[in-house]
Protein chains: 2
Amino acid sequence: MTSGPTDELRVWAPAGLGEVRPGDDLPTLLVDLLRADATARPDRALADGDVLVLTSKVVSKAEGRVVAAADREQAITDETVRVVATREHAAGVTRIVENRLGLVMAAAGVDASNTPDGTVLLLPVDPDTSARAVRVAVAAAFGVRVGVVVSDTAGRPWRQGVADLAIGAAGVAVLDDLRGQVDSFGRPLTMTVTAVADEIAAAAELVKGKAAGRPLAVVRGLGHVVTVDDGPGARVLVRTGDDDMFRQGSAEAYAQGWKDAVERG
Amino acid sequence: MTSGPTDELRVWAPAGLGEVRPGDDLPTLLVDLLRADATARPDRALADGDVLVLTSKVVSKAEGRVVAAADREQAITDETVRVVATREHAAGVTRIVENRLGLVMAAAGVDASNTPDGTVLLLPVDPDTSARAVRVAVAAAFGVRVGVVVSDTAGRPWRQGVADLAIGAAGVAVLDDLRGQVDSFGRPLTMTVTAVADEIAAAAELVKGKAAGRPLAVVRGLGHVVTVDDGPGARVLVRTGDDDMFRQGSAEAYAQGWKDAVERG
């Protein structure tokens, strides 16, 4: 892996992946899609250093991670490791939880958009492993070394709107550690570790969109973050435990403090 | 403004902006930079629908928002509207606060990287207004309608590493409201409002980098989010008040609950 600025990024989202169904061989479907796209647009033939960004939803669909909408609340419970915060509203209760992937998300990431009527979709079983499988298939089909990111959409504290982030990765330096480099005044950058994989997921979302039926994007121009090894995956982007200053919602933490004081005070 | 998927994004960061100094006319410096870049690379001449992403640091520098490093703690206090959380560590205390722009950031966004020795830099006075000024200058110089985003770098709860987000904007639909559109199953997307300006800032960071001295990026291919009017700016991306479930750090909220129970219980 080399480092340094990239002169130009290109990001595109090939059209033409049909509806993905349980049991489909997703890496092969993606290879076919990329081959067809490169036939129509030879400049888009995959090259070393490209990064593929794949919406988690199609991974989940291939894995058959679909459950009946009636079982949604139980599915959220099953995906939950720890409840972070809850909020009541007109339509029910939103649970913000840490799920089994370590991700803190509303409804544990269980989602009803772009799924067949009457169903909801769980997050992939293991997005890092899914990313590795795509990487292997692409290397076998095209003889190129790419990075792969599996993305999902999440809300963020203190910000309106949702944004995409990386929940799986292979062959991408998900955290670009600039510590040891110097700034333009020659001083060491001591604090800066950039969540590159999250920024890649966000960039890809701008071309994939939510309603467009284009769950795959190719990002060209980030060869310096594509690694020889698969690397640790997106799991290392998760911040939990003592390092997490927002382990509970404010109301939940306040209530817990009150309760403990009453009980022990 | 039209909506829908974009076929391809290009993102590049022109080289050659020198060190920005207090009192510099930043919009004119940027116009000169963009003109020189387009001379060397005619395909990069600005066009309607391009989005410029400007690192807040150069805005602050032009505004002279520099203070002596010895006054850093006082500067953070002055920028703070509300303390969200604090954490002690070997080098002192990190304060995560809501600043006067409504942004929740460590040290109120006061930063020492890429500043002259012995100094720190405050965030711009009004990044939305700064974005508008750049937009006006670009329209006057090149006769094109662009969007402008002012970006900064921030940590995120539950995620390792930092990522760029939008703290100022003009002429960009910062929140792309998909409610009313339908998914690939023809069902309404009822929940999805994408923080487009944050995703644009993230995409731009991938080419600007931290150590490269390229504080400006151009994003081409997002004409559907560039608006006729300047719009409300990045301020609407801020989520505060009752809508903020993480108004206090967990430890702070717990301690407050305990204290209140003891005092009133």
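As recorded by an unreviewed UniProt entry, chain A carries the name Coenzyme F420:L-glutamate ligase-like domain-containing protein and is attributed to Cellulomonas algicola.

Notes on the pattern of salt bridges
Pairing between side chains of opposite charge can happen when their charged atoms approach one another. If you walk through the whole model with that rule in mind, you get 48 salt bridges over all chains. Asp198 of chain B is the partner of Arg159 of chain A in a salt bridge, and the nearest nitrogen-oxygen pair spans 2.7 Å. A residue pair is termed interchain when its members come from two chains, as with Arg159 of chain A in strand 9 (residues 159-170) and Asp198 of chain B in helix 5 (residues 196-208). Take Arg159 of chain A: its relative accessible area is 7%, and that puts it in the buried class.

Remarks on unusual backbone geometry
Most peptide bonds take the trans form, and the phi angle of most residues other than glycine is negative. Residues and elements named next belong to chain A. Of note, Ala107 is a non-glycine position whose phi angle comes to about 55 degrees, a positive value. For Ala108, which is not glycine, the phi torsion reads 60 degrees and is therefore positive. Here Ala108 shows up in the loop between strand 6 (104-106) and strand 7 (119-121).

Side note on the interface of chain A and chain B
Each partner contributes to the interface: chain A provides 86 residues, whereas chain B provides 87 residues. Taken together, both faces of the contact between chain A and chain B bury some 7700 Å²; the carbon and sulfur share is 55%. Counting the contacts that link chain A with chain B gives 16 salt bridges. With its nearest N and O atoms 2.9 Å apart, the salt bridge here joins Asp7 of chain B to Arg44 of chain A. Counting across the interface, chain A meets chain B through 38 residue pairs in polar contact (both at pLDDT 80 or more). Secondary structure elements with two or more residues in the side of chain A that touches chain B: strand 1 (8-12), strand 4 (80-89), strand 9, strand 11 (193-194), helix 5 (196-208) and helix 6 (250-264) of chain A. When grouped by side-chain class, the residues that make up the side of chain A that touches chain B number 44 nonpolar, 17 polar and 25 charged.

Section: the relation of the copies chain A and chain B
Placing chain A over chain B gives an RMSD of 0.0 Å and needs a rotation angle of 180 degrees, together with 0.0 Å of translation along the axis. Here the transformation between the copies is reduced to the relation of a two-fold axis. A symmetric contact is evident, with 100% of the interface residues of chain A recurring at the interface of chain B.

Here's the deal with helix 1 (residues 26-40) of chain A
The end-to-end C-alpha distance of helix 1 of chain A, which contains 15 residues, comes to 21 Å, matching closely the 21 Å that a straight helix rising 1.5 Å per residue would cover. Structurally, helix 1 of chain A contributes buried residues whose contacts are with strand 1, strand 2 (51-55), helix 2 (56-62), helix 4 (127-142) and strand 12 (216-220) of chain A.

Observations regarding helix 6 of chain A
With 15 residues, helix 6 of chain A extends 21 Å between its outermost C-alpha atoms, agreeing within 8% with the 21 Å of an ideal straight helix rising 1.5 Å per residue. Every buried residue belonging to helix 6 of chain A is among Ser250, Ala253, Gly257, Asp260 and Ala261 of chain A, and all of these are buried. Down the axis of helix 6 of chain A, the buried side of the element spans an arc of 100 degrees, and every buried residue falls inside it. Turned more than 90 degrees off the buried face of helix 6 of chain A, the exposed positions are Ala251, Val262 and Glu263 of chain A. Structurally, helix 6 of chain A contributes buried residues whose contacts are with helix 6 (250-264) of chain B.

Describing the nonpolar core
Counting residues in each nonpolar core, the largest one holds 54 residues, and the members touching the most others are Val51 and Ile200 of chain A together with Val51 and Ile200 of chain B. The contacts of Val51 of chain A, once residues within four sequence positions are left out, are Gly147, Val148, Val149, Val172, Ile200, Ala217, Val218, Val219, Leu222 and Val226 of chain A.

Observations regarding the pairing of strand 9 (residues 159-170) of chain B
Residue and element names in this part refer to chain B. In terms of burial, strand 9 is a largely internal element, 11 of the 12 residues being buried. Note: strand 8 (residues 147-156) against strand 9, nine bridges, orientation antiparallel. Of the residues in strand 9, the one forming a bridge with Ser151 is Ala166. The turn joining strand 8 and strand 9, which pair antiparallel and follow one another in sequence, is formed by two residues; a positive phi near 70 degrees is taken by Trp158.

Details of the sheet that holds strand 6 (residues 104-106) of chain B
Pairing between the strands of a sheet comes from backbone hydrogen bonds, and it takes one of two forms, parallel or antiparallel. Residue and element names in this part refer to chain B. Taken together, the three strands give an open sheet; going across it, the order is 4-5-6, and neighbouring strands pair in antiparallel fashion. Each end of this open sheet is capped by a strand with a single partner; those strands are strand 4 (80-89) and strand 6. The mean inter-strand angle of the sheet, taken between neighbouring strand axes irrespective of direction, is 20 degrees. With three bridges joining them, strand 5 (residues 92-99) and strand 6 adopt antiparallel strand pairing. Bridge pairing links Glu98 to Val104 in strand 6.

Focus on the pairing of strand 4 of chain B
Residues and elements named next belong to chain B. Summarising the sheet, strand 4 and strand 5 pair through eight bridges and their orientation is antiparallel. Residue pairing for strand 5: His89 is matched across the bridge by Gly92. Where strand 4 hands over to strand 5, the hairpin turn is made up of two residues, counted between the paired strands.

What counts and what doesn't
Residues numbered from 1 in each chain as written. Chains lettered and ligands numbered in written order. Predicted model: local features only at pLDDT ≥ 70, side-chain atom pairs only at ≥ 80, totals over all residues. Heavy atoms only, no water. Salt bridge = Lys/Arg side-chain N within 4 Å of Asp/Glu carboxyl O. Helix = DSSP H or I, 4+ residues; strand = E, 2+ residues; numbered from the N terminus. Buried < 20%, exposed > 50% of the residue type's maximum accessible area, 1.4 Å probe, protein only. Contact = heavy atoms within 4.5 Å. Buried area = accessible area lost by both parts, 1.4 Å probe. Polar contact = N/O pair within 3.5 Å; in protein donor to acceptor, adjacent residues only side chain to side chain. Nonpolar A, V, L, I, M, F, W, Y, C, P; charged D, E, K, R; others polar. Least-squares fit on C-alpha atoms with pLDDT ≥ 70 in both. Expected span 1.5 Å × (residues − 1). Arc of directions from axis to C-beta. Core = buried A, V, L, I, M, F, W, Y, C linked by side-chain atoms within 4.5 Å. Pairing = 2+ DSSP bridges. Axes fitted to C-alpha atoms, helices over the stretch in contact; angles between N-to-C directions.

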